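# Observations on chain architecture
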There are 2 protein chains.
Amino acid sequence: MFQNFADTNQRHLTPARIADLRSRFEALQIDGLIVSRADEFQGEYVPACAERLNWLTGFSGSAGSAVILKSTAAIFIDGRYTLQVRDQVDLDLMTPLQVPENFPHAWVTRNIPKGGKLGFDPWLLTIREASRFEAACNEAGAELVALDSNPIDAIWDDQPPPLAKPVVQQPLQFAGMSSADKLRDIAEGLSQRGSKACVLTQTDAVAWLFNLRGCDIPHTPAVLAFAVVHDDGSADLFLDPARVEEGARETLGRASVRLVAPKQMTETLQALGSAGENVELDFEWVAEALRRALTLSGATVSHHESPCTLPRAAKNHAELEGARAAHLRDAVPMARFLRWLDTNAPAGQLDEIQAAQKLEALRTETGELLDLSFDTISGAGPHAAIPHYRVSETSNRPIENDHIYLVDSGAQYVDGTTDITRTIIAGTPTTEMKDRFTRVLKGMINLSRARFPAGTTGGHLDPLARLPLWEAGLDFDHGTGHGVGSYLSVHEGPQRFSKADRTVLQPGMIMSNEPGYYKAGDYGIRIENLLIVREAEPVKGGDRPMHWFETLTFTPIDRNLVEPAIMTDAELDWLNDYHARVLKKVAPRLENAEDQAWLQAACAPLTR
Amino acid sequence: MFQNFADTNQRHLTPARIADLRSRFEALQIDGLIVSRADEFQGEYVPACAERLNWLTGFSGSAGSAVILKSTAAIFIDGRYTLQVRDQVDLDLMTPLQVPENFPHAWVTRNIPKGGKLGFDPWLLTIREASRFEAACNEAGAELVALDSNPIDAIWDDQPPPLAKPVVQQPLQFAGMSSADKLRDIAEGLSQRGSKACVLTQTDAVAWLFNLRGCDIPHTPAVLAFAVVHDDGSADLFLDPARVEEGARETLGRASVRLVAPKQMTETLQALGSAGENVELDFEWVAEALRRALTLSGATVSHHESPCTLPRAAKNHAELEGARAAHLRDAVPMARFLRWLDTNAPAGQLDEIQAAQKLEALRTETGELLDLSFDTISGAGPHAAIPHYRVSETSNRPIENDHIYLVDSGAQYVDGTTDITRTIIAGTPTTEMKDRFTRVLKGMINLSRARFPAGTTGGHLDPLARLPLWEAGLDFDHGTGHGVGSYLSVHEGPQRFSKADRTVLQPGMIMSNEPGYYKAGDYGIRIENLLIVREAEPVKGGDRPMHWFETLTFTPIDRNLVEPAIMTDAELDWLNDYHARVLKKVAPRLENAEDQAWLQAACAPLTR
């Protein structure tokens, strides 16, 4: 199994750990320490050895940071984790504060004593983050101090060792573009900007650029390695050659990629520095330690968005064909799972863990599952109201009749990454549940149906998914969707649907469309399909280039929860047409006649 | 009349004027000059004496700038003026370039010679603009040089003198809040931020803060005066006391406002400087000259959004009541005008100027018209496709049968500023015209009907007005709406509906809602109502504070151009309900039975 349901929270151990850490402040000549949930690659997912924030505080969310001062401490989380943090951390030891209302920098300015020294591990803050903390310390008359080694590693006795699992080639058939071609494009950009090289640190960018996939992080086949790309189209990839499969080594060699042991990275950076070269870094993503190393050795560093970001986000033909195939493959276990739930849930004997295990088992039966794309969110009743709920043996609840059940899950296949949410009910929904579900569905449909001019951002379109909720005085407190990688991270930037977004949508981008409604302590709803941004055929009389969304996901939406009376004709047509397409595409792939019969009923047209 | 239709373009004179200007570069020790369409207050509207850009280049648009180098020159305009600038300027003398694709700063970097000196009048660039030009010059190895006097004034022989007309009090009954109370709120903010004073330069902010109205600028009753507000709630208003009516002088005196001759402003600034005080300036709006004066005399200046901006934008109860009254009053001449058009246009004898004059005459008959709020846009046929068309004696066209006619106009009344656009047709529209008109109308209705949570910005809502056009591969190249003042500027920030907007909408803000469609050379459509942002009553089951829009404008929308077949039930209900409200509110105010009968027919319900 690619997931487990163990209770890992060690809050009872955190007082001693924090006390131990503080006892070392004097020797380190610091008055506080920044502890971020990050490794040196600054990605969303980190290996177990980098879960320092969790080990120290008990907080297990995928984003957050803490500042531990001598006698006070605060932990900073976003709106997704407001409830979870209060369950996981010792509130006597630290105050949970929510960003963006409370930024850690502002808290530092208010709380650090004048003349105080705030320590940080320069491998674990980005250049931008470090500069914000530096400004915050300056404002308070204090000092930000880069530490030579991480003080938590010194006290974390059973810290797992870093993994160094084999790295495999992503075949050209699925990658769609050779690493040599990608490097050539990046080198052209560097030359045009007068830069000699760029340092890449995002693990999914490295995996994408070199057509490699790893398995050091659960659920994300990224490659934990730094790389330097030079303006001649060659590259240094800091990865132990012994870990890389032979075929990949040969392909990389032909693409002028030098596999270099990670320890030798310092020499490469110093060579750039001693030649006084211009080196580009993406200040939003690159560790402060790398900026310091380059600057110290004499290089001129400048900020430039990682040259991998946009080409990786706008998928090529092979990647899109792979995504389509992966989603059709994934539609089979999803349909079988929903039928299994429909058949067995009414007896009231299923629980959240069983459901998550069943879904994984059905995906494994495809014979092509390489991993899940994240831990399945399997939430019954009030647990469905927690957008990022993780079921554990302690929290596990039965899936009861007349209660909502929400399942948000995804798979990693060699040709694509899936991410889908369905909300269903065994038994009878309340009028309110049907109303809320239908509003969420209307929002999901509004966005799916949108046609929009080239130049439109995800931020412009985000409200479309909220309008039907707004009409009822409701909303949801997360973005409407995120980018998705190609057998890579299930959360991939820069594009997203969110109020704050300003990224122009480009053809080939894959995005989730997942509005929701959450009634705390009662129930929650989310419906999620993945979309591809596509160029539209010109409409007769139209006078500008337009885009539309192709839907990738083919899984029925629970008709029991739909209230056709509050849908427009266009919305109902979309739903019926969607179900007709699901039936047509997925039925032939189901081997079992009962599964087929279930799908036919689940996809039957709805009328008013 | 408050408008004229004279042809004022003097393009034939511009070669000599530009040559004259260039001949003075050597004596001024400059290699170029920035000429912006601005006065020292940096508002959208400027008095005739400040129309330097128009005088020098022939371009009469309300926004733009030129950079004149020794042998090359460029003029920078936005999308509204792409066509107009090519008609008005001598293309052999200067290249028109459109922002934001081409910023003047970037052009300066590419075109100014290394070591060159670019002159500018520090009263005519904001602090932000000056700093952008400074960076652009630095990048090119050139220098930005502040000039002591404006070189255009030196060669503009018949430059009109500045006006200095009487300034009157805006009665408390309409202002809704005394100047003393407004000053107290601003002083509290200054104290909280540790600032001693702020300098105010926006002419509508000064008018708003001191409850004064002037008439030095056509159509905008702003007060052309600087002011300094101190943290004790007192203020210096740099305005010749002799120009201010006696009642206003007394009220100001009671509010601790010192009327100071403009010439003495330097002393006030120097006093702040010599005491080393912190002074706030809004860098987006304040002239660079003021920053220099303060800094030179020893003050510490910091950027802060003008403390008048938000309180002025979010209208109080009296201002909103005034706006409602002004719009109902204005609905009478609008209805009479539309009936007059309906009756007389089919004979084919009317033209654009006659229509604009008739509308103004009918507004004058209210007995309360103080000014128009801008020159009426009266465009027949292809002229309707020019969003900011100004009819002149040369351009004047007949209003032909079967052709679209677009009229965008507004009035200044003591209790409010109106702004309304209607598009009508005498005769029979084409199928395409009806389709386009109905899509624009659907967008206008979508936005009018929106309910949205507190915290939503105009940028989030802007796409609602575009969706029906997007479905047909169409869009329009201007924002969907702007803020409107209270017997002040018809364009008032910070709120607006536009793709780039990030201002949170607050109850009491007045905004225009004016989507359009423009088919160059053929016809154009725009439909504009004004809206008030209102707090919504909680909906049963709703869980967050919501806002909605109250419509202020009550004028029929041409039923001949509506295609009900492509409207949803909700949209058609909105339109019929709107027309029922127009009839109910406006019919009792029409004295003439024929006008009433016309209104009844114009407001009859539409069905499919």
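Let me begin by describing the structure that accompanies this report. For clarity, every value in this text was computed on a predicted model and none was experimentally measured.

### Here's the deal with the overall build of chain A
Of regular secondary structure, chain A possesses 21 helices and 28 strands. The C-alpha radius of gyration computed for chain A amounts to 25 Å, which stays within 12% of the reference 25 Å derived for 608 residues, consistent with globular compactness. Here chain A, with 608 residues, has 58% of them falling under the buried criterion. Long-range contacts, defined as pairs at least 24 residues apart, comprise 70% of the intrachain contacts of chain A with a sequence gap of at least 6.

### Some words on the side chain of Ser512 of chain A
All names here are of chain A. Within the secondary structure layout, Ser512 lies in strand E24 (residues 510–513). Among the polar contacts listed, one links the side chain of Ser512 to the side chain of Glu514, at a separation of 2.8 Å. Every residue in contact with Ser512, bar those within four places of it in the chain, is listed here: Thr480, Gly481, His482, Val484, Phe497, Glu528, Asn529 and Leu530.

### Here's the deal with the interface of chain B and chain A
Chain B puts 29 residues into the contact, and the matching count from chain A is 30 residues. Taken together, the two surfaces of chain B and chain A that pack against each other cover about 2,500 Å², and 53% of this comes from carbon and sulfur. For the chain B face of the interface with chain A, the top three residues by lost area are His460, Trp470 and Arg544 of chain B, together amounting to 24%. Seen at the junction of chain B and chain A, the total is two salt bridges. A salt bridge links Asp477 of chain B to Arg544 of chain A, with the nearest nitrogen and oxygen atoms 2.9 Å apart. Inspection of the chain B/chain A interface yields 14 residue pairs in polar contact (both at pLDDT 80 or more). Sorting the residues of the side of chain B that touches chain A by element identifies strand E21 (451–453), helix H18 (458–461) and helix H19 (467–470) of chain B as the ones contributing at least two each.

### Regarding the pairing of strand E26 (residues 523–526) of chain B
Residues and elements named next belong to chain B. On E26, burial covers both faces: Tyr523 and Ile525 on one face and Gly524 and Arg526 on the other are all buried. Where strand E25 (residues 516–519) lies against E26, four bridges are found, and the strand directions are antiparallel. Paired with Tyr517 across the bridge in E26 is Ile525. Following E25, the chain reverses through three residues before pairing antiparallel with E26; Gly521 in that reversal takes a positive phi of roughly 80°.

### Looking at the packing of helix H15 (residues 317–344) of chain A against helix H16 (residues 352–364) of chain A
The description of two helices packed together rests on the angle between their axes and the distance between the axes. Residues and elements named next belong to chain A. Between H15 and H16, the shortest axis-to-axis distance is 9 Å and the interhelical angle comes to 145°. As for how H15 packs across H16, the hand of that crossing is right-handed. Across from Asp330, Pro333, Met334, Arg336, Phe337 and Trp340 in H15, the residues of H16 making contact are Gln354, Ala355, Lys358, Leu359, Leu362 and Arg363. Residue composition of the contact of H15 with H16, by class: seven nonpolar, one polar and four charged.

### Looking at helix H17 (residues 431–449) of chain A
When the terminal C-alpha atoms of H17 of chain A are compared, their 26 Å separation across 19 residues agrees well with the 27 Å that a helix rising 1.5 Å per residue should span. Most of H17 of chain A sits inside the fold, with 14 of its 19 residues counted as buried.

### Description of the packing of aromatic side chains
Residue and element names in this part refer to chain A. Evaluated as defined, the whole model comprises 22 aromatic pairs over all chains. Both rings, one in Trp574 and one in Tyr578, keep their centres 5.0 Å apart while their planes meet at 10°; by these two values the pair is stacked. Here Trp574 pairs with Tyr578, and both are found in helix H20 (residues 569–586), just four residues apart, close to one helical turn. If you follow Arg329 out to its NZ or CZ, it ends over the ring of Tyr413, 4.9 Å from the centre.

### Describing the relation of the copies chain B and chain A
Superposing chain B onto chain A requires a rotation of 180° together with a translation of 0.1 Å along the rotation axis, leaving an RMSD of 0.1 Å. Taken together, the rotation angle and the small translation identify this as a two-fold axis. Distance from the rotation axis, computed per C-alpha, reaches its smallest value in chain B at His460 of chain B: 3.0 Å. By residue overlap, the copies meet face to face through one surface: 100% of the interface positions of chain B are interface positions in chain A.

### Some details on the packing of helix H9 (residues 179–192) of chain B against helix H10 (residues 203–210) of chain B
Residue and element names in this part refer to chain B. As a packed pair, H9 and H10 sit with axes 7 Å apart at the nearest point and diverge in direction by 115°. Two secondary-structure elements touch here, H9 through Ser179, Lys182, Leu183 and Ile186 and H10 through Trp208, Leu209 and Phe210. Residue classes in the contact of H9 with H10 are distributed as five nonpolar, one polar and one charged.

### Some remarks on the sheet that holds strand E15 (residues 371–372) of chain A
Residue and element names in this part refer to chain A. The strand order across the open sheet formed by three strands is E15-E18-E19, and the pairing between neighbours is antiparallel. The sheet terminates laterally at E15 and strand E19 (416–417), the two strands that pair on one side only. Of the strand pairs in this sheet, strand E18 (residues 411–413) and E19 are connected by two bridges, and their pairing is antiparallel. When the sheet's bridge partners are listed, Gln412 is paired in E19 with Thr417. Most of the contacts of H15 go to E18, to which it runs at about 130°, and overall it touches E18 and E19.

### Quick look at the pattern of salt bridges
Residues and elements named next belong to chain A. What the rule picks out here adds up to 84 salt bridges over all chains. One salt bridge connects Lys70 with Asp31, and the closest N-O pair in it is separated by 2.9 Å. Here Asp31 lies in the loop between helix H2 (25–28) and strand E1 (32–36) and Lys70 lies in the loop between strand E2 (65–69) and strand E3 (73–77), a separation of 39 residues in the sequence. Residue classification places Asp31 among the buried positions, given a relative accessible area of 17%.

### Let's talk about the environment of Ile18 of chain B
Residues and elements named next belong to chain B. Along the chain, Ile18 turns up in helix H1 (residues 14–23). On the accessibility criterion, Ile18 (2% relative accessible area) is buried. Spatially, the C-alpha atoms of Ile18 and Ala73 are 9.8 Å apart, while their sequence positions differ by 55 residues. Setting aside residues no more than four positions away along its own chain, Ile18 makes contact with Leu56, Ile68, Leu93 and Met94.

### Things to note about H9 of chain B
Owing to its 3.6 residues per turn, the α-helix brings residues three or four apart onto one side. Residue and element names in this part refer to chain B. In this model, H9 (14 residues) spans 20 Å end to end at C-alpha, consistent with the 20 Å of a helix rising 1.5 Å per residue. Taken as a whole, H9 has its buried residues at Ser179, Lys182, Leu183, Ile186, Ala187, Gly189 and Leu190. In an axial view of H9, the angular spread of the buried residues amounts to 160°, which keeps them on one side of the axis. Backbone geometry just downstream of H9 places Gly194 in the positive-phi region, at approximately 70°.

### Quick notes on the sheet that holds strand E14 (residues 300–303) of chain B
Think of a sheet as strands paired side by side through backbone hydrogen bonds, with each pair either parallel or antiparallel. Residue and element names in this part refer to chain B. Spatial strand order, E12-E11-E10-E8-E13-E14: six strands in an open sheet with mixed pairing. Pairing within the sheet leaves two strands with one partner each, and these edge strands are strand E12 (257–260) and E14. On average, adjacent strands in this sheet sit at an angle of 25° to one another, irrespective of strand direction. Looking at chain direction, strand E8 (residues 197–200) and strand E13 (residues 278–281) are connected through two bridges and run parallel. What sits directly across from Ala197, in E13, is Val279. Of the strands in this sheet, E8, strand E10 (226–230), strand E11 (235–238), E12 and E13 touch H9, which is tilted by about 65° from E10.

### Describing the side chain of Ser498 of chain A
Residues and elements named next belong to chain A. Along the chain, Ser498 turns up in the loop between strand E23 (496–497) and E24. With relative accessibility at 8%, the residue Ser498 sits in the buried group. A polar atom in the side chain of Ser498 sits 3.1 Å from the side chain of Arg496. Once residues within four sequence positions are removed from consideration, Ser498 is found in contact with Gly458, Gly459, Asp462 and Gly479.

Calculation rules
Residues numbered from 1 in each chain as written. Chains lettered and ligands numbered in written order. Predicted model: local features only at pLDDT ≥ 70, side-chain atom pairs only at ≥ 80, totals over all residues. Heavy atoms only, no water. Helix = DSSP H or I, 4+ residues; strand = E, 2+ residues; numbered from the N terminus. Rg over C-alpha atoms; globule rule 2.2 N^0.38 Å. Buried < 20%, exposed > 50% of the residue type's maximum accessible area, 1.4 Å probe, protein only. Contact = heavy atoms within 4.5 Å. Polar contact = N/O pair within 3.5 Å; in protein donor to acceptor, adjacent residues only side chain to side chain. Buried area = accessible area lost by both parts, 1.4 Å probe. Salt bridge = Lys/Arg side-chain N within 4 Å of Asp/Glu carboxyl O. Pairing = 2+ DSSP bridges. Axes fitted to C-alpha atoms, helices over the stretch in contact; angles between N-to-C directions. Left-handed = near helix turned anticlockwise from the far one by under 90°. Nonpolar A, V, L, I, M, F, W, Y, C, P; charged D, E, K, R; others polar. Expected span 1.5 Å × (residues − 1). Phe/Tyr/Trp six-rings, centres within 6.5 Å; stacked < 30°, edge-to-face > 60°. Lys NZ or Arg CZ within 6 Å of the ring centre and 35° of its normal. Least-squares fit on C-alpha atoms with pLDDT ≥ 70 in both. Arc of directions from axis to C-beta.

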